[in-house]
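Structural characterization, general
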Amino acid sequence: MRLTVIGTGYLGATHAAAMAELGFEVLGVDVDPAKIEALGRGELPFYEPGLPELLRKHTASGRLRFTTSMEKAGAFGDVHFIAVGTPQKAGEAAADMTYVDAAVAGIAAAATRDSLIVGKSTVPVGSARRLKEIAEEYAPAGIHLDFAWNPEFLREGFAVEDTLRPDRLVVGTDSRTADQTLRRVYASALTRGTPYISTDFETAELVKVAANAFLATKISFINAFAEVTETVGGDIQTLADAIGHDARIGRRFLNAGVGFGGGCLPKDIRALQARIGELGLDKTMRFLNEVDEINMRRRDRVVFLAEQLLGDLADKRIAVLGTSFKPDSDDVRDSPALDIAGRLYGGGAEVLVYDPKANENSAKRFPRLTYVDSIEEAVQDVDVVLLLTEWQEFKDMKPGDLEAFVGSRQIVDGRNVLDRVDWENAGWTFRGLGLKVPEVVSART
Ligand code: UGA
């Protein structure tokens, strides 16, 4: 069986390399010639742990190749995976389906034999049925195209592991042949006992957005309680630990902080609300509006804490540690950390930024921030240090590591990863998300 993967971003490039690792002949397809050339040379245009090795291994073995030609893809593949992006439409909450529509029409028109088209992108419910019709419309006469929806649950930073060893497989289709073909594609996972959920198109589409909406809600849930502990006192981490011991709740995705970002959770909850609204169920997903707003308020809180510590942002020097939306990624799409850095700059501060992998992507969006290559350079003479993405090297920081460099001993832990007591004992003013700001002792006695 020969596979194509159309769209070679985080999802597609990982899927293509992982399928080659499983032993398939794979052709990756993208409209961006520069990206295709780089991938063909075994070079990954973004950061994802473990993926460069897999890419090099299989471009070298010849099992994984890349092209910009849909014709070649149509002639090559028995199964075509659609992995192009569905970004948020400019100025709207809904997902932009232009790329998925074009990919399905393109590969259907290019098919030279009966084959299977499998959607992996995150799409509004109802899309698979519509796309199946597009495929049928564009298929050359006499060619039969089966259709399936097989959402992807990989996390950036763990993309290879999640693709090679998924915790579940979900396949929505109306074709027995499609289902059997995908069982063969995923045979190694099935042999290990990975749950395989065979269902209809709508359920498969909804599983994906339901999972992301649930995760976003879980994060905003704990962040709402962070707003409470910021007011009444208390310890948000202990609260999360304590409720997390209840197996029905679970501790994961209960870390309060600057909130969720990235190319998935924020746009998926907005697109879900938009789609469900279109279906006439205006109230059904309204709570996701709150989830989004709680999330955005976390950024306001960090700016507030910085302003409170500095009095006024104008002409202050601020260190921002971390701008990627999460550690082990160079992705800055909808990154809370980068948004905060930009706002501080907008308030008149000089912002020194260090991210282990995301400086380059950040500079494309916010060229006026000052990008440096180490913690030491970032904290040089600053009035406050903000830890906004929990890279390991920031989690490992000790007060003594920074004291020779900073202008003032003030730190805001945006991710609840530092030991407050250590920093306070070393004479630092420490602020955290979920942490009540101590009463300012009046100078008048
Ligand atoms: C997310 C989902 O976790 C994947 O299952 C899904 O496949 C993917 O979206 C997608 O739709 O493609 P990802 O965007 O890579 O994956 O990132 P997550 O690990 O989910 O983190 C999302 C955001 O939530 C990050 O900004 C992270 O810092 C934040 N987060 C996470 C918290 O603020 N608190 C937590 O406790 C956990």
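Anything mentioned here points back to the structure above.
Figured I'd write up the structure that's included with this text. (Residues numbered from 1 in each chain as written. Predicted model: local features only at pLDDT ≥ 70, side-chain atom pairs only at ≥ 80, totals over all residues. Heavy atoms only, no water.)

So, on to the sheet that holds strand E3 (residues 64–67). Across the sheet, which stays open at both edges, the 8 strands sit in the order E3-E2-E1-E4-E5-E6-E7-E8 with mixed pairing between neighbours. Only two strands of the sheet have a single neighbouring strand rather than two, namely E3 and strand E8 (196–199). Here the strands of the sheet are splayed against their neighbours by 25° on average, with no regard to which way each runs. In this sheet, strand E2 (residues 25–29) lies alongside strand E1 (residues 2–6) in parallel orientation, the contact comprising 5 bridges. Considered in E2, the bridge of Arg2 is made with Glu25. Along the sheet face, helix H2 (residues 33–40) touches E2 and E3 and points at about 160° away from the line of E3. Against the sheet, helix H5 (residues 98–110) touches E1, strand E4 (79–82), strand E5 (115–119) and strand E6 (145–149), its axis set at about 165° to E4. (Pairing = 2+ DSSP bridges. Helix = DSSP H or I, 4+ residues; strand = E, 2+ residues; numbered from the N terminus. Axes fitted to C-alpha atoms, helices over the stretch in contact; angles between N-to-C directions. Contact = heavy atoms within 4.5 Å.)

Looking now at the packing of helix H1 (residues 10–21) against helix H3 (residues 51–61). In the contact formed by H1 and H3, the axes pass within 9 Å of each other and the chain directions differ by 55°. Between H1 and H3, the angle is such that the two are oblique. In the packing of H1 onto H3, the handedness of the crossing is left-handed. Contacts between H1 and H3 involve Ala13, Thr14, Ala17, Ala18, Ala20 and Glu21 from the former and Leu51, Leu54, Lys57 and His58 from the latter. (Parallel < 35°, antiparallel > 145°, perpendicular 65-115°, else oblique. Left-handed = near helix turned anticlockwise from the far one by under 90°.)

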